[in-house]
Every structure is written in C-alpha cells, then in structure tokens.
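# Summary of the model geometry
Here is what each chain is made of, one letter per residue.
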Amino acid sequence: MSITTSTPSAPAAAVPAAERRRTTYGRLWRGVPRDLGFLLPTLPIVVIGVAVVSGLFSAGFSTIVLIVGLPILLASLWVSRGFGIVEIARLEAAGRPRIPRPAWRKPSGSGQVAAVLSPLADLHYWLYLLHTAVVNPIVGIVSWTVSFVWVTTGLGGVTYWFWSRWTEDPERDWNLLDVIVGFFSPGTVTGLTQRQGDAIVYFVVGVLLLVTLPFITRGLVSVHHAIARGMLGAFPSEGLREQVTGLASSRSAAVAAEGTALRRLERDIHDGPQQRLVRMQMDLASAERQLADDPEAARTLLAGAMQQSREALEELRAISRGFAPPILLDRGLVPALESLAARSPIPARVVDELREGTVLPVELERNAYFLAAESLTNAAKHSDATSAEVRVALRRVPEGDAGWLELTVTDDGRGGAVPVAEHGIAGLEERVHGLGGTLTLSSPAGGPTVVTATLPLPADTAQPAR
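These remarks concern the structure in this document. No experiment lies behind these values; they were computed from the predicted model shown.

Calculation rules
- Residues numbered from 1 in each chain as written.
- Predicted model: local features only at pLDDT ≥ 70, side-chain atom pairs only at ≥ 80, totals over all residues.
- Heavy atoms only, no water.
- Helix = DSSP H or I, 4+ residues; strand = E, 2+ residues; numbered from the N terminus.
- Buried < 20%, exposed > 50% of the residue type's maximum accessible area, 1.4 Å probe, protein only.
- Contact = heavy atoms within 4.5 Å.
- Pairing = 2+ DSSP bridges.
- Expected span 1.5 Å × (residues − 1).
- Axes fitted to C-alpha atoms, helices over the stretch in contact; angles between N-to-C directions.
- Parallel < 35°, antiparallel > 145°, perpendicular 65-115°, else oblique.
- Nonpolar A, V, L, I, M, F, W, Y, C, P; charged D, E, K, R; others polar.
- Phe/Tyr/Trp six-rings, centres within 6.5 Å; stacked < 30°, edge-to-face > 60°.
- 1 Å grid on protein atoms, 1.4 Å probe; cavity = no way out; pocket = protein on both sides within 12 Å on 5 of 7 lines; lining within 4 Å.
- Points joined across faces, edges and corners; volume = space filled by probe spheres on them.

Moving on to the overall build of the protein. Along the backbone of the protein there are 16 helices and five strands. A burial count over the protein gives 35% of its 466 residues as buried. Considering only contacts within the protein whose residues lie at least 6 apart along the sequence, 73% involve residues at least 24 apart.

Laid out in structure tokens, this is it:
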C-alpha cells in the first residue's frame, strides 16, 4: 500500500542510448581507482593469509593429540576470521554492497571451556578458514595477475613511443607493424623503422587495454564480492531467525503496550469522570427529594450537578486526546500536532520537515500523535519546562533503503528523565517497539530532554520528489 501521493508529472524526455552508454562508462571509470585499490594489494594479503593460516592449521592438526595442538587449531580459526573481516571491509571500501555479518553467537552452554571451544562448532569459522587458506589465494593471485598485467601493459603501450628512446634499438630487421600487416596482406611493407612500427602496435594495444580496463576491474572485484558474500556473509536462515525473533518481540511489546494503555484508561476514567458522574447522580437524587419541600436547596444541588457534568466532560475530552482526534482524521498529522501544541500546558511549536504532498497511513499518524501527546504531557507534569518543540520528518537509510518517520519532542526542562515501569517513557518504549521502531531518550541533568521515536514506513513507500 502506497502511503504517499504526488501529482503525476510529465514524462521525462527519453535519454538517447548513446548518452546512457557514455554515462555508464564514465561511472565505471570513476570506480577504477577504488577497484585497483582493492585488487593491487590483494597479492600480499592473500600470501600472508595463506602462509599464516595454513601454517597454524597444519601445526595444530598434526599435533591435535597433544595438549598444544588444540590451541593452535583454534588460533587458525580466529586468524581466519580476522582475514575474512578484512576482506569484507576492503570490498565495502571498494564500493560494493554491504555483506551481512555472521551472528557469531555465543555457545548455548555455560562455562569458559564452552566459550573457548565454540569456534570448532561454528560453521562460519570453517568457511572463513577455507576462504583464507584455499579459495581467496587462488582467486586473488589470478585477479591480481590479470589486473596488474592489464594496467602495466596498457600504460606501457601508450607511452612506449616516449620512453623507448632511452632503450637500446632492437637487434632485428623487422617491426611488429610489418608482421601484422604482412599477415593480412603478404608482401606488404610499411617502410617504418623498427621502433616506429613497434610503437604504433604497442600504442594500439595499450589503448585497447585501457579502454577495457573498467570492465576488467569491475568484473574481478565482483567475483571477489560474490565469493565473499557466499562464504563470509551471514546465512539466509540467520536473517530469518532474527526477523522472527524481532517480530515476536514486537508482538509482545505491542500486546504489553495495549495492556498498559487499557489499564491507564481504566484508571483515568475511574479516578476522574466516573467519580464525578457518581457525585452528579447523588446530587440529582438529593435534588429530586428536596424539590417539593426546599426548592432553593434543590436549585443549588442542580447547579452543582451541572458543574460536575461540565468537569466530567472536560476530563473525558482530556482523556480522549490520547486517541485520534477528528482533526487528525480530516487534515493529517501536522495540523493535529499544531492543534495539540496550541492546547499544551507549556508553550510548544511544531517544526514540519515532511515533503510537500506526503500522506501517511492513519495508523502511523495515530501512533505518532499519541507519542507526541504523551511526551508533551510528561514534559508538562515532570520537567518544569517553559517551552517545547515537536519535530516531524521522513528519514531514509541508504544501506537498506528503509524509510522511517522520525518524531522528536524536545523540552527545556530540568532533565533527569528515566523510564519507570508501566509509566510515561516506559509505556512509549513498549508502544514504539511494538510498531517495530526505536525510541531514544537523552535527558542529562539540567536538560534539555529529547525524546526521538522512529517508526518504520511500509516497504512500498514512495516519497514525493522535492
């Protein structure tokens, strides 16, 4: 379900295919320095990795029956993990997509022995060992050789005409250009000297190599990335397990938040409007009994009952502010927040950073409104604040292309706010966690207090263009 709307714009002019190719090729060239920054240091890294890890593993495996063999074997696994982490970091520095890290979960058993021996039962450690000692050396040596030869031959070819003047003349009576021309047209001779014919051939070869260099470097780094993603990244089952755990936790938090809200609503109604209505009922009963004998006393009781009804109505309105007010349903989140700020016991202002045309789902707006209302209420009751600010914005995390609604409430009170079970901030934390979001609190002594709630947007959210 799309949660934003925008006015359809006129279709953009079609980009010519040649221009698209030039843009893509230029982007590939801009990535060449980072690709070479990954490929050229690969040889020393893989050589050191295979030497250290293979040596440790061989020594540990061969002496496994001895006491000293097991620590050496464990050391090879830990060192392999270090080299794998370095490989992932180098790939990300080269501009490749992030590789999800393994969970590296602690053993289920207790005790130091289980913690020390846990790498032996973790498949990730063995995959890192296989990558460092076998796979990466093979791929790394090939990719380094290809990239090094491609770069040096290309640069050497296009500059041969310049630096060849300081080298000795070839001891032969033919040149490379005559050989190539003679192959296609036997007996044809260009008449160029050895150095001139060679320079032309080297220049053409060098240009071809440099023109294709971006494709070569991109392909070689992509091979490394694909292998690392398969061997060094987290298993798909781990991501599903974390997602299930997070959903279960969010569901529990949502249930707890709703339970807390219902208990609070019941308590507020019992302590406020219910008591006033009971008092009003008693006053009306007394007025009915005295209506014939003492009309003046009955009139006084009726006036008191009217006052009780007005106060009960005001308390019901105050309690209902935790729910969706009509202005929220009719005009959206920002006007509702502005109305809330106007009714706030402390002066408050709303800062709207949403893009023009953004329309949020009703449920998301309702929860954001509740969070803002509860935060302002807490500030008015406990912080001795003289002013507050409510800021609402959309945030996007490039790593996962995830969209978030960010609501920030700041007051200039005395600070020192801490979560208390089933009250105030703790209730907000449960509600936000139940929605799959996060809530952060910054409240140093002396203030200010900043409550920031981030609520996830649906995956198909389309934000309006600026």
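Before going further, it helps to spend a moment on the pairing of strand E5 (residues 449-456). A large share of E5 lies buried, amounting to six of its eight residues. Pairing geometry for strand E4 (residues 438-442) and E5, over five bridges, is antiparallel. In the strand pairing of E5, Thr 440 is matched with Thr 452. The hairpin formed by E4 and E5 contains six residues between the paired strands, and Gly 446 there has a positive phi angle of roughly 95°.

What follows deals with helix H15 (residues 362-382). Working note: α-helix, 3.6 residues per turn, so residues spaced by three or four point in the same direction. Compared with an ideal rise of 1.5 Å per residue, which puts 21 residues at 30 Å, H15 spans 30 Å between its outermost C-alpha atoms and is within 8% of the ideal. Just downstream of H15 lies Asp 384, where phi reads positive at about 55°.

Where helix H4 (residues 69-93) contacts helix H6 (residues 123-158), the axes come no closer than 8 Å and their chain directions differ by 70°. Classed by the angle they form, the pair H4 and H6 counts as roughly perpendicular. Of the residues in H6, those in contact with Ser 76, Leu 77, Trp 78, Ser 80, Arg 81, Phe 83, Gly 84, Ile 85, Glu 87 and Ile 88 of H4 are Tyr 125, Trp 126, Tyr 128, Leu 129, His 131, Thr 132 and Asn 136. Partitioning the contact of H4 with H6 into residue classes produces nine nonpolar, six polar and two charged.

With that settled, consider the environment of Gly 157. With respect to the element layout, Gly 157 can be found in helix H6. Sequence spacing of Gly 157 and Val 207 is 50 residues, and the spatial spacing of their C-alpha atoms is 7.5 Å. Dropping the residues within four chain positions of it, Gly 157 is found in contact with Tyr 202, Phe 203 and Gly 206.

For the structure shown, the criterion picks out nine aromatic pairs. With centroids separated by 5.8 Å and ring planes inclined at 35°, the aromatic side chains of Tyr 25 and Phe 215 adopt a geometry described as tilted. Taken as a pair, Tyr 25 in helix H1 (residues 17-30) and Phe 215 in helix H9 (residues 194-232) lie far apart in primary sequence, 190 residues in all. For Phe 215, a relative accessible area of 47% puts it in the partly exposed group. Here Phe 57 and Trp 126 contribute two aromatic rings whose centre-to-centre distance is 6.4 Å and whose plane-to-plane angle is 90°, an arrangement assigned as edge-to-face. Linking Phe 57 in helix H3 (residues 42-62) with Trp 126 in helix H6, this pair joins segments that are 69 residues apart in sequence. Taking relative accessible area as the criterion, Trp 126 reaches 29% and is therefore assigned partly exposed.

To continue, consider unusual backbone geometry. A cis geometry characterises the amide bond from Gly 447 onward to Pro 448, with omega recorded as -5°. Positioned with a positive phi, Asp 384 is a non-glycine residue whose angle comes to about 55°. By the element assignment, Asp 384 lies in the loop between H15 and strand E2 (388-397).

Attention shifts here to empty space enclosed by the protein. With the rule as written, the count across this model stands at two cavities of 30 Å³ or more. Volume-wise, the largest cavity comes out at about 70 Å³. Counting only elements with at least two residues in the lining of the largest cavity, the list comes to H3, H4 and H6. In terms of residue class, the lining of the largest cavity is made up of three nonpolar, five polar and one charged. There is about 30 Å³ of room inside the second largest cavity. If you list the elements that add at least two residues to the lining of the second largest cavity, you get H15, strand E3 (402-411) and E5. For the lining of the second largest cavity, the leading source of residues is H15, giving three residues.

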